[in-house]
Structure formats: structure tokens, C-alpha cells
Amino acid sequence: MGISPGDLRYITPYEFNLLREGHFKQRRDDYYHEWERARFQAHTVYASVTALVSGEIDPIETFYPLPTDKDRKEAIAALPVARKIDPDYKAAWEAKMNAIK
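Residues numbered from 1 in each chain as written. Predicted model: local features only at pLDDT ≥ 70, side-chain atom pairs only at ≥ 80, totals over all residues. Heavy atoms only, no water.

Here we look at the side chain of His-43
Note that His-43 resides in helix α2 (residues 13–53). Taking the relative accessible area as the measure of exposure, His-43 reaches 13% and is therefore buried. Within polar-contact distance, the side chain of His-43 engages the backbone oxygen of Asp-58 at 2.8 Å. Discounting chain neighbours no more than four positions away, the residues touching His-43 are Ile-57, Asp-58, Pro-59, Ile-60 and Phe-63. (Helix = DSSP H or I, 4+ residues; strand = E, 2+ residues; numbered from the N terminus. Buried < 20%, exposed > 50% of the residue type's maximum accessible area, 1.4 Å probe, protein only. Polar contact = N/O pair within 3.5 Å; in protein donor to acceptor, adjacent residues only side chain to side chain. Contact = heavy atoms within 4.5 Å.)

A word on the packing of aromatic side chains
Taken as a whole and assessed by the stated rule, the structure comprises 4 aromatic pairs. Between Trp-35 and Tyr-64, the ring centres sit 6.0 Å apart and the planes meet at 15°, which makes this aromatic pair stacked. Of this pair, Trp-35 sits in helix α2 while Tyr-64 is found in the loop between α3 (60–63) and α4 (68–77), placing the two residues 29 residues apart along the sequence. On the basis of relative accessibility, which here comes to 34%, the residue Trp-35 falls in the partly exposed class. On the basis of relative accessibility, which here comes to 38%, the residue Tyr-64 falls in the partly exposed class. Considering the side-chain rings of Tyr-89 and Trp-93, the 6.4 Å spacing of their centres and the 65° angle between planes classify their relative orientation as edge-to-face. Of this pair, Tyr-89 and Trp-93 are both found in helix α5 (residues 87–100), 4 residues apart, which corresponds to roughly one turn of the helix. In this structure, Lys-96 is placed above the aromatic ring of Trp-93, and the distance from its NZ or CZ to the ring centre is 4.5 Å. (Phe/Tyr/Trp six-rings, centres within 6.5 Å; stacked < 30°, edge-to-face > 60°. Lys NZ or Arg CZ within 6 Å of the ring centre and 35° of its normal.)

Brief notes about the packing of α2 against α4
Across the interface, α2 lies against α4 with an axial gap of 11 Å and an inter-helix angle of 95°. One way to sum up the angle between α2 and α4 is to call them roughly perpendicular. Judged by residue contacts, Tyr-32, Glu-36 and Arg-39 of α2 engage Thr-68, Asp-69 and Arg-72 from α4. (Axes fitted to C-alpha atoms, helices over the stretch in contact; angles between N-to-C directions. Parallel < 35°, antiparallel > 145°, perpendicular 65-115°, else oblique.)

A short note on a nonpolar patch on the surface
Side chains of Ile-85, Tyr-89, Trp-93, Met-97 and Ile-100 sit close together on the surface and give an oily, nonpolar patch of about 600 Å² of accessible area. By the element assignment, Met-97 lies in helix α5. (Patch = residues over 30% accessible without salt bridge, like charges linked within 9 Å, V, L, I, M, F, W, Y side chains within 5 Å. Areas by Shrake-Rupley, 256 points an atom, 1.4 Å probe, with all protein chains shown as cover. Salt bridge = Lys/Arg side-chain N within 4 Å of Asp/Glu carboxyl O.)

Re the side chain of Arg-39
Relative to the assigned elements, Arg-39 resides in helix α2. Aside from chain neighbours lying at most four places away, what touches Arg-39 is Ile-60, Glu-61, Phe-63, Tyr-64, Pro-65, Leu-66, Asp-69 and Arg-72.

Shape descriptors only; they carry no functional weight alone.
Shown next as C-alpha cells:
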């Protein structure tokens with residue numbers, strides 16, 4: 001957990017419990033970040049091959065779903081409307097970027 005024995009005698013059991021909970025939450029987050037990285041790498045290979053063959057690429061969430069996808073969708077839905085990207089604006093910029101190729 002990154003705490004030295006000398007510091008251990010100066011903290012309360014409550015503070016120790018907070019440190020322990022934070023440590024295990026960080027380990028859980030690191031675990032899911034590693035899975036997200038592996039999924040991204042696999043989807044990149046899949047998308048590059050599929051784009052050449054059929055042209056239709058499945059979204060990364062349906063290609064390999066993770067338990068954190070649901071939490072991410074809920075967090076995006078909870079964002080204020082001002083922070084969300086307008087679909088028409090996004091489509092217009094994607095069309096411009098695709099025209100550059």
C-alpha cells in the first residue's frame with residue numbers, strides 16, 4: 001500500500017481503512033485500464049482487416065464488451081447538455097475529415 005512502518009503508528013484505524021480502500025480501488029481501476037488497452041489493440045487489428053474485406057466495422061463496445069462500458073454510458077448521460085457533442089456537428093466534421101483523405 002505504500003506506507004512505511006514508521007508512518008503506520010501515527011495514523012488512526014479510520015485513516016488506515018481509507019488508505020486500504022483507496023489502494024484496492026486503484027488496483028481495480030488499473031486492472032480495467034489494462035483490459036481497455038488490450039481491447040483497443042484487438043479492435044484496431046480487427047478494424048483494419050474488416051475495413052479491407054467488408055467495410056463494416058462493429059463498434060468497440062459490441063466487439064468486446066467490458067463491465068465498465070455501462071458505467072461510462074451512465075456517466076456520459078449524466079453530463080450537462082452543454083458538454084455533449086451535437087450529432088450534426090460531429091457528422092459535419094467527420095464528413096470534412098473523410099473528404100481530406
